[in-house]
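Here is what each chain is made of, one letter per residue.
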Amino acid sequence: MHRLELLTKAHDRDGFDRGSEPLNLFLRQTARQHAERGISRTFVLVNETAVPPKPILGFFSLNICQVKSESLTPSEAKRLPRDVSGVRLGRLAVAKACQRQSIGKLLLVAAMGKFMGIFNAAGGIGLFVDAKDQPAARYYEQFGFVSLPSNDLELFLPVKTIQEALTQHA
Ligand SMILES: CC(C)(COP(=O)(O)OP(=O)(O)OC[C@H]1O[C@@H](n2cnc3c(N)ncnc32)[C@H](O)[C@@H]1OP(=O)(O)O)[C@@H](O)C(=O)NCCC(=O)NCCS
């Protein structure tokens, strides 16, 4: 069984390999500093029985973001004020050895659950993500993310879709 935890020193950050140096470096050097300063939070997936240094199977980061409603599709922008808040999925990565085992999907569902905690406490129109390339954008689209009209690598998952997805996974 897997467990989602906030990134701490108990996790083997150096051992994580996604095959992408910027993502590896983010996890090794930046993620904890950002958490301490309130810039973002990083959550890691580990095996329930893992002992420190716990191998990281995958991770994601979240931060609060501000968006202009005019950047959304007209139907989404309808009835919204000009400036709205959301949550940005800053990073999502699965260890190279664990890819194609639905861990990415599990992490996305977990990120949606974290979003709902923020939504219930402070609102927010949904999750935003910057896909690094077209295949990554296609990956997110499977889960209901839609590209913004101005940039097809920036995608949005509205709160309604998140609520429906979580009902299906309950
Ligand atoms: C993208 C990523 C997070 C997917 O995680 P994963 O655990 O391997 O994916 P899942 O097992 O949840 O995949 C579910 C389905 O998504 C699709 N998929 C998986 N990886 C994909 C990719 N890289 N591109 C497009 N579609 C992909 C497949 O249809 C897959 O189903 P299948 O295995 O039955 O064919 C992972 O490959 C990764 O870390 N990639 C590098 C970093 C990255 O691209 N991050 C996201 C964009 S910024």
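In the block above lies the structure referred to throughout.
Here's what I pulled together on the structure shown here. These numbers were taken from a predicted model, which means no experiment stands behind them.

**Overview of the site of the ligand**
Part 1 of the reasoning: Around the ligand sit 19 residues in total, of which Q99, G104, K105, A136 and Y139 are the nearest.
Part 2 of the reasoning: Considering only residue class, the shell around the ligand consists of eight nonpolar, six polar and five charged.

**Here we look at the nonpolar core**
Part 1 of the reasoning: Core analysis: the largest hydrophobic core is formed by 33 residues, its most contacted members being F59, A111, L127 and V129.
Part 2 of the reasoning: At the level of elements, α1 (21-36), β3 (41-47), β5 (58-68), β6 (83-94), α3 (103-122), β7 (126-130) and β9 (151-158) are the ones that each hand at least two residues to this core.
Part 3 of the reasoning: Beyond its immediate stretch of four places on either side in the chain, A111 contacts F60, L62, L89 and L127.

**With respect to the pairing of β3**
Part 1 of the reasoning: In this structure, strand β1 (residues 2-6) lies alongside β3, joined through five bridges in antiparallel fashion. Looking at β3, one finds that L4 is bridged to L45.

**Re the sheet that holds strand β8 (residues 146-148)**
Part 1 of the reasoning: Across the sheet, seven strands lie side by side as β1-β3-β5-β6-β7-β9-β8; this open sheet has mixed pairing. Looking at strand neighbours, the two that pair on one side only are β1 and β8, the edges of this open sheet. Neighbouring strand axes in the sheet, compared pairwise and without regard to direction, differ in orientation by 35° on average.
Part 2 of the reasoning: The pairing of β5 with β6 spans 11 bridges and is classified as antiparallel.

**Quick look at the environment of L45**
Part 1 of the reasoning: The residue L45 is located in strand β3 in this model.
Part 2 of the reasoning: Apart from residues lying up to four places away in sequence, L45 is in contact with H2, L4, L57, G58, F59, I103, L106 and L107.

**Focus on the packing of α3 against helix α5 (residues 159-169)**
Part 1 of the reasoning: Orientation of α3 relative to α5, taken along the N-to-C sense of each, is 120°, at an axis distance of 10 Å. By the angle between their axes, α3 is oblique relative to α5. As α3 runs across α5, the sense of the crossing is left-handed. Counted together, V109, M112, G113, F115, M116 and F119 of α3 and V159, I162, A165, L166 and H169 of α5 form the full contact between these two elements.

**Description of the environment of I56**
Part 1 of the reasoning: For I56, the location among the structural elements is in the loop between β4 (54-55) and β5.
Part 2 of the reasoning: If we skip the residues at most four places from it in the chain, I56 touches H11, D12, R13, F16, V44, V46 and A95.

**Side note on the environment of F143**
Part 1 of the reasoning: Tracing the backbone through its elements, the reader meets F143 in the loop between α4 (134-141) and β8.
Part 2 of the reasoning: Taking C-alpha positions, F143 is 26 Å from I39, a pair spaced 104 residues apart along the chain.
Part 3 of the reasoning: In this view, F143 contacts L108, L157 and A165; residues no more than four positions away in its chain are not counted.

**Details of unusual backbone geometry**
Part 1 of the reasoning: At the junction of P52 and P53, the peptide bond is cis and its omega measures out at -10° in the coordinates.
Part 2 of the reasoning: Checked against the element boundaries, P53 lands in the loop between β3 and β4.
Part 3 of the reasoning: The backbone phi angle of R100 is positive, close to 65°, even though this residue is not glycine.
Part 4 of the reasoning: Mapping R100 onto the fold places it in the loop between β6 and α3.
Part 5 of the reasoning: Although it is not a glycine, S102 sits at a positive phi angle of roughly 70°.
Part 6 of the reasoning: By the element assignment, S102 lies in the loop between β6 and α3.
Part 7 of the reasoning: Accessibility expressed as a C-beta count within 10 Å gives 11 for S102, which makes it exposed.

Conventions we followed
Residues numbered from 1 in each chain as written. Predicted model: local features only at pLDDT ≥ 70, side-chain atom pairs only at ≥ 80, totals over all residues. Near = placed C-beta within 6 Å. Nonpolar A, V, L, I, M, F, W, Y, C, P; charged D, E, K, R; others polar. Core = buried A, V, L, I, M, F, W, Y, C linked by C-beta atoms within 7 Å. Buried ≥ 20, exposed ≤ 12 C-beta atoms within 10 Å, placed from the backbone. Helix = DSSP H or I, 4+ residues; strand = E, 2+ residues; numbered from the N terminus. Contact = placed C-beta atoms within 7 Å. Pairing = 2+ DSSP bridges. Axes fitted to C-alpha atoms, helices over the stretch in contact; angles between N-to-C directions. Parallel < 35°, antiparallel > 145°, perpendicular 65-115°, else oblique. Left-handed = near helix turned anticlockwise from the far one by under 90°.

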